[in-house]
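Each chain is listed here by its residues.
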Number of protein chains: 2
Amino acid sequence: MSRTKARAALLQELEAAMRRSSAQGVLYGQTVANVAGIANSDLECMDILYLEGRVTAGRLAEVTGLTTGAITGVIDRLEKAGLVRRERDEADRRKVFIAVVPEAAMKIGQFYVPMQQAMEKVFAGYSEEELRLLLRFANEGYKGVLAATEALKSLLDTPPEKRPDLKLKKLRPNP
Amino acid sequence: MSRTKARAALLQELEAAMRRSSAQGVLYGQTVANVAGIANSDLECMDILYLEGRVTAGRLAEVTGLTTGAITGVIDRLEKAGLVRRERDEADRRKVFIAVVPEAAMKIGQFYVPMQQAMEKVFAGYSEEELRLLLRFANEGYKGVLAATEALKSLLDTPPEKRPDLKLKKLRPNP
DNA sequence: GCTAAATCTCTTAGTGGCTAAGATATATAT
DNA sequence: ATATATATCTTAGCCACTAAGAGATTTAGC
């Protein structure tokens, strides 16, 4: 197998491996929502709040891709469960900031412990330099996925016949 | 900062970075479903079919965590859209194998092109040896997440008062 | 300053995918 | 042969979602 061919095969394997693990990651999230007894979108919003801190209802809609109406429902449920609080912005009274209630949110956090433990075990097998490589990849990968999402969204606004011709890769033959 | 402290900080940063990119990955999937005009679960099943090939309806239920009733609906919709075919197992006529219709499924595949292009660009910045490291991590990570999912599911069957005490990490203070 | 347009969240009606329970058909065990 | 187990489908009812628009507040134009 030639040098470049080896790389191509490696890339293909990598893509499949990442797809698999990412699919399993989705399932983990669904399981957390199940165990925690909240809806999937509710958990997704908790996750965003964890990553971004105090954000407005509109921002949640923007990030999740849900309508503002749906977000109102999400916040209602989360607030009733005591996980978040609505906080009207005093500067712009149309806005509603959503803030997690840390003590209550920890009850959700516990369900990520199995995941954290599993990942710690995995990380233990890597040197600090290797971990830095993984970090670099995670950051670059994030930016890539973000850009891809935007590209795909913009496709939505383009009428099908005017879309740039996307060249398809062959579907992988079944194993 | 001490040697081990540096590693701890690195691990924390890594966790956040992976969480971010994985969340964005979920969003990408939702966007694909949107653009393709099919339900989220339908796309998830297409993905499983792509990864595992021809599988039974029951296996889809098992992997997705949906009830068999829900899967019937998924398959009905996918079949109506011409994306999959039901194939009764001749050996065991209770079973129904689901197989993708390759030509039609390619129409879905095209929506992954932006993602593939983005990832290709990212991968271009890595040597073959580094890619091998990423592959190793993706595989080990998959196993880790799989194990974590099982651990979490088993928690579901354990009554709350009998659950092993999960030690919580402090919630990250908001940025 | 006052009116019009824009922005942000919430409300309402209606839709669709989900669960739970059980029906149907086929296979396996006693 | 009968009973039990397995695999999928059916049905009723529920709940989160969308689309459309209302209400409240801010910003822009004159």
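Just above sits the structure.
Residues numbered from 1 in each chain as written. Chains lettered and ligands numbered in written order. Predicted model: local features only at pLDDT ≥ 70, side-chain atom pairs only at ≥ 80, totals over all residues. Heavy atoms only, no water.

A large share of helix H6 (residues 113-123) of chain A lies buried, amounting to 8 of its 11 residues. When we look at burial in H6 of chain A, the residues that qualify are Val 113, Pro 114, Met 115, Gln 116, Ala 118, Met 119, Val 122 and Phe 123 of chain A. (Buried < 20%, exposed > 50% of the residue type's maximum accessible area, 1.4 Å probe, protein only. Helix = DSSP H or I, 4+ residues; strand = E, 2+ residues; numbered from the N terminus.)

Side chains three or four residues apart in an α-helix point the same way, a direct result of the helix having 3.6 residues per turn. Residues and elements named next belong to chain B. Here helix H5 (residues 102-109) has its buried residues at Ala 104, Ala 105 and Ile 108. Angular distribution of buried residues about the axis of H5 spans 100 degrees; they occupy a single face of the element. Facing away from the buried side of H5 by more than 90 degrees, the exposed set consists of Glu 103 and Lys 107. (Arc of directions from axis to C-beta.)

Surveying the vicinity of DNA strand D reveals 20 residues, the closest of which are Ser 41 and Arg 94 of chain A together with Gly 58, Arg 86 and Arg 94 of chain B. Backbone atoms, meaning sugar and phosphate, make up 72% of the atoms of DNA strand D lying within 4 Å of the protein. Within the side chain of Arg 86 of chain B, one N or O atom sits 2.8 Å away from a phosphate oxygen of DNA strand D. Put simply, the parts of the chain that give the surface near DNA strand D at least two residues each are helix H4 (68-80) of chain A together with helix H3 (57-64) and helix H4 (68-80) of chain B. (Near = heavy atom within 4 Å. Polar contact = N/O pair within 3.5 Å; in protein donor to acceptor, adjacent residues only side chain to side chain.)

Each side of the interface is counted separately: chain B has 86 residues, and chain A has 86 residues. For the pair chain B and chain A, the two sides together bury roughly 8,500 Å², of which 69% comes from carbon and sulfur. On the chain B side of the interface with chain A, the three residues burying the most area are Arg 19, Tyr 50 and Leu 152 of chain B, jointly 9% of the side's total. Linking chain B to chain A there are 2 salt bridges. At the boundary of chain B with chain A, the tally comes to 18 residue pairs in polar contact (both at pLDDT 80 or more). Contributing elements (two or more residues each) for the side of chain B that touches chain A: helix H1 (3-36), helix H2 (40-52), H3, H5, helix H6 (113-123) and helix H7 (128-157) of chain B. (Contact = heavy atoms within 4.5 Å. Buried area = accessible area lost by both parts, 1.4 Å probe. Salt bridge = Lys/Arg side-chain N within 4 Å of Asp/Glu carboxyl O.)

Around DNA strand C, the structure places 18 residues, and the nearest of them are Gly 58, Arg 86 and Arg 94 of chain A together with Ser 41 and Arg 94 of chain B. Per the 4 Å cut-off to the protein, sugar and phosphate atoms form 73% of the nearby atoms of DNA strand C. Interatomic distance of 3.0 Å between a side-chain N/O atom of Thr 67 of chain B and a phosphate oxygen of DNA strand C. Mapped onto the surface near DNA strand C, the elements with two or more residues apiece are helix H3 (57-64) and H4 of chain A together with H4 of chain B. Here the surface near DNA strand C takes 3 residues from H4 of chain A, the largest share from any one element. Its residues placed into classes, the surface near DNA strand C shows 4 nonpolar, 7 polar and 7 charged. (Nonpolar A, V, L, I, M, F, W, Y, C, P; charged D, E, K, R; others polar.)

It is worth spelling out the relation of the copies chain B and chain A at this point. The two copies are related by a screw operation: chain B maps onto chain A through 180 degrees of rotation and 0.0 Å of translation along the axis, at an RMSD of 0.1 Å. When the rotation and shift are considered jointly, the pair of chain copies conforms to a two-fold rotation axis. Comparing interface residues between copies, 100% of those in chain B also sit at the interface in chain A, which points to an isologous, same-surface contact. (Least-squares fit on C-alpha atoms with pLDDT ≥ 70 in both.)

With that settled, the discussion passes to the pattern of salt bridges. Residues and elements named next belong to chain A. If you walk through the whole model with that rule in mind, you get 27 salt bridges over all chains. Of the charged contacts, one joins Arg 132 and Glu 128 as a salt bridge, the two residues approaching to 3.5 Å between their closest N and O atoms. With Arg 132 and Glu 128 both in helix H7 (residues 128-157) and 4 residues apart, the pair spans about one turn of that helix. Exposure remark for Glu 128: the relative accessible area of 15% places this residue in the buried category. For Arg 136, the salt bridge goes to Glu 140, with nearest N and O atoms at 3.2 Å. You can see Arg 136 and its partner Glu 140 sitting in helix H7, 4 residues apart, about one turn around the helix.

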